[in-house]
Amino acid sequence: MKYSIFSLARAALSSHKNWGRAWRDPAPKSHYDVVIIGGGGHGLATAYFLAKEYGIRNIAVLEKGWIGSGNAGRNTTIIRSNYMLPGNTSFYELSMKLWERMEQDLNYNTMVSQRGIINLYHSDAQRDAFARRGNAMRINGIDAELLDATEIRKILPFLNYDNARFPIQGGLMQRRGGTARHDAVVWGYARAADEFGVDIIQNCEVTGFQRTNGRITGVETSRGIIGAGKVGMAVAGSSSRVAAMAGLRLPIESHVLQAFVSEAIKPLIPGVVTFGAGHFYVSQSDKGGLVFGGDLDGYNSYAQRGNMPVMEDVCEGGMAIMPMIGRVRLLRQWGGIMDMSMDGTPIIDKTPVDGLYLNAGWCYGGFKATPASGLVFAHLLARDEPHEEGRRFRLDRFRRGAMIDEKGQGAQPNLH
Amino acid sequence: MPDFVWSSQSPLKKALVPGRHGAGKAAPGVSLSHVSDIALVQVMTRRGRNADVAKAAKKLFGAEPPAALKISSGKVVTLVWSGPDQFLAFSELPQTAPSVEQQEQAFAGSASLSNQSDGRCQIRISGPNARDALAKMTSLDLHDTVFPVGSAATTSIDHTAVNFWREADDASGNPVYVALVFTSFSDTLWHLFVESSLEYGVEVAAIGAGH
Amino acid sequence: MRIACPFCGARDSGEFTYLGDASPKRPDAPIDGGTAVEDQFYDYVYLRDNVAGLTREYWYHGGGCRSWLIAERSTTTHEFKSVTAAPGAGAAKAKQAGER
């Protein structure tokens, strides 16, 4: 059913009791052309683009819990394309362009809101670094503005401009950046993929791979064996566990990142503000809660929860840059498992195992990449060659010395 | 020969405001003080030379090196455990403790020494509410059964490295804690100590007024 | 998490810094008299077991006694099974395994 003002009016006449389900709940078939492991944003977007752009319809998306129960439901909903290095800049801009037309493409309100993102700077050196990044963005046709303190003060008058250690000198702004409703993105892709005939199979955990002459021919799951022409992995923090079932070791560590939501308050923060020097960033949801976070906890984890020292650190960062945040009560806090790669950049590539394809290494930036990740991964699965915008995200780039290390941190994933 | 002499001054010269601060007028809940003239030497045992260091310490200070998480007291010098096989030799000036040169000779070959007399600032916090004030900034369990008189720890307070120990209780039976902090961080931590103590009423002693 | 430092006792995890998996051994390069080839260094630097379950890992008690420690910890529950001093920590013992 197409969602429109008319369908809304029709449903209103029956007190909204007759809305049909948005996607089916099929039993798994014995064989699919493509099986995608992971029913998060990336997996569902991959299925959607495979069906829509590449004409493959016999697809299953396997999700061990319910769709969107992993990182798609644990992020801080930020979208942006403010990257500097070749490989990242145009990929994330492709993603931004897909965000801009997502609601029309999917016929679904994903609440994409380009309310702007500002990265604050506090020193001449940091200003220079942001000017360089802004220039790299503009060369690639991406909007970027370097604002001084006076201009920032007009937009964000409530910040602490006179912090002795981190006085605000200005910020790099991308006005097209902003937020989107994370659950709606999952639901929108699920509904659109389902309409193309994609089977979304929940509560179906992959427990092993079936191989014939070395090639992957299917997956073993908690709901039986499912044959597959090709298998794509989009399982974020669980990448190493799933890859290990196929005998692979990955250049990835799993780390926990915490996020926080305050009680709802009246509209205060117009966009996204990042205080990188103090390990703090914040935006305000449409419901009114302040959504904020900071750094990784720092130790390997699959536990989807973090510890107190980082909570304290994030709150201290918030108090430093935005002292009145101290009057707001913390409502919820949670953790998600980040697939931290060795250079802080994702991997979309074939694996050394025939028939197994990898989409991983998104670190703490996977949400904004959702649409482009789906499109680029779908291209790889359909054509067996990388999409133009994913050709640098190769698995062998570490061996070749072709890392894409935005932070210049090296192979220490908890510092990216 | 140098043509000038460094004149040392307390790192808390500006931050420390003597007198009564915070709540109440009755007896203060917390007392804070600072002695600016201290002698402090870090003694780090060399590989496998623990017995030699113990012997030299006994002879020089009249005290064995402290057991882990403890202090040991000589006639004028307090030895404070500061990590595996290392301790601080702490004393207040003026005193009759062995000079740094004498210590160097005594530990020659068995330990590495580092003079930290001007590198650390000593802050003493005591009183009936001292533990309440400290609970706001340290994750150490300071209960009598866990951290009795003579206990020592190396820990972090407000992200700052601190050597921390407990001396004999004061005349009223209240606990006395000592913190050694890096000189350049002492201003910040002093403010933290005072702020955390205000609700109990805090008496700040003038520099050099003794304890 | 609280981490039971073998020297200091149980402390808040905020006093500790994480390095990572303690299992990988640096390959001996030819210049050090070894025979390791590039592949082994690639494995050592970039690939990880990234275990879901019990791991051996390096922690540094930088906010305390400044000792390097080896902990056995579960990455799925954050429970510590053991914490011991890394080779070389403390001076009580003579030369220890792993020291050059």
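Above this text is the structure in question.
The sections below set out a description of the structure shown in this document. All figures in this text were calculated on a predicted structure; none of them were measured in a lab. Each chain has its residues counted from 1, running along the sequence as written. In the order they appear in the text, chains get letters beginning with A and ligands get numbers beginning with 1. In view of the model being predicted, local features appear only for residues whose pLDDT reaches at least 70, and side-chain atom pairs are presented and counted only at 80 or more, with totals across whole chains, interfaces and linings using the full set of residues. Where side-chain values are given, they derive from all heavy atoms of the structure, hydrogens and water being excluded.

Once that is clear, we can look at the sheet that holds strand 5 (residues 68-74) of chain C. All names here are of chain C. In spatial order, the strands read 3-4-5-6; together these four strands make up an open sheet with antiparallel pairing. Bordering the open sheet on either side are strand 3 (17-21) and strand 6 (80-85), each of which pairs with just one other strand. Pairs of neighbouring strands in the sheet enclose a mean axial angle of 25 degrees, with direction left out of account. Two strands qualify as a pair provided that DSSP identifies no fewer than 2 bridges between them. Helix and strand labels come from DSSP, where a helix needs a run of H or I of at least four residues and a strand needs a run of E of at least two; each type is numbered from the N terminus. For strand 4 (residues 54-60) and strand 5, the ladder comprises seven bridges, and the chain directions are antiparallel. Note on definitions: angles span 0 to 180 degrees between N-to-C directions of axes, and those axes are lines fitted to C-alpha atoms, for helices only across the stretch in contact.

Let us look at the packing of helix 2 (residues 41-54) of chain A against helix 10 (residues 366-383) of chain A. Residues and elements named next belong to chain A. Contact geometry of helix 2 with helix 10 gives a least axis separation of 7 Å together with a crossing angle of 45 degrees. Taken as axis vectors, helix 2 and helix 10 run oblique relative to one another. Handedness of the helix 2/helix 10 crossing: right-handed. Amino acids are sorted into nonpolar (Ala, Val, Leu, Ile, Met, Phe, Trp, Tyr, Cys and Pro), charged (Asp, Glu, Lys and Arg) and polar (every other residue, Gly among them). Tallied by class, the residues present in the contact of helix 2 with helix 10 amount to eleven nonpolar, eight polar and two charged. Any angle that falls under 35 degrees is termed roughly parallel, while one over 145 is termed roughly antiparallel, one within 65 to 115 roughly perpendicular, and all others oblique. Helix crossings get a hand from a simple test, with the near helix turned counterclockwise from the far one by less than a right angle marking a left-handed crossing and a clockwise turn marking a right-handed one.

Note on contacts: a residue pair is in contact if any heavy atoms of the two residues lie within 4.5 Å. Taken together, the contact between chain C and chain A spans 23 residues of the former and 27 residues of the latter. Note on terms: buried area is the combined drop in 1.4 Å-probe accessible area of two parts once they are placed together, counting the loss on both. Both faces combined, the contact of chain C with chain A buries some 2,200 Å², and carbon together with sulfur accounts for 47% of it. Each reported salt bridge corresponds to a side-chain nitrogen of Lys or Arg within 4 Å of a carboxyl oxygen of Asp or Glu. Run the count over chain C and chain A and you get four salt bridges. We call two N or O atoms a polar contact when they sit within 3.5 Å, provided that within protein one can donate a hydrogen and the other can accept it, with sequence-adjacent residues counted only if both atoms are side-chain atoms. Linking chain C to chain A there are 16 residue pairs in polar contact (both at pLDDT 80 or more). Listing elements by their share of the side of chain C that touches chain A, those giving two or more residues are strand 3 and helix 1 (38-46) of chain C. Looking at the side of chain C that touches chain A, the element that brings in the most residues is helix 1 of chain C, giving five residues. Class assignment of the residues belonging to the side of chain C that touches chain A gives a composition of ten nonpolar, seven polar and six charged.

Our focus in this paragraph is the environment of A:Val206. Residues and elements named next belong to chain A. Relative to the elements of secondary structure, Val 206 occurs in strand 9 (residues 206-212). To sort residues, take the accessible area from a 1.4 Å probe on protein chains only and compare it with the maximum for the residue type: under 20% means buried, over 50% means exposed, and anything in between is partly exposed. Among the residues examined, Val 206 registers a relative accessible area of 7% and is labelled buried. With 46 residues separating them in the primary sequence, Val 206 and Asn 160 have C-alpha atoms 49 Å apart. When neighbours within four sequence positions are excluded, Val 206 is seen to be in contact with Ile 37, Leu 62, Val 219, Glu 220, Thr 221 and Met 245.

A complete count under the given rule lists 33 salt bridges over all chains for this structure. One connected set of salt bridges, linked through shared partners, spans A:Glu93, A:Lys97, A:Glu100, A:Asp143 and A:Arg176.

It is worth stressing that arrangement in space is one thing and function is another; only the former is reported here.
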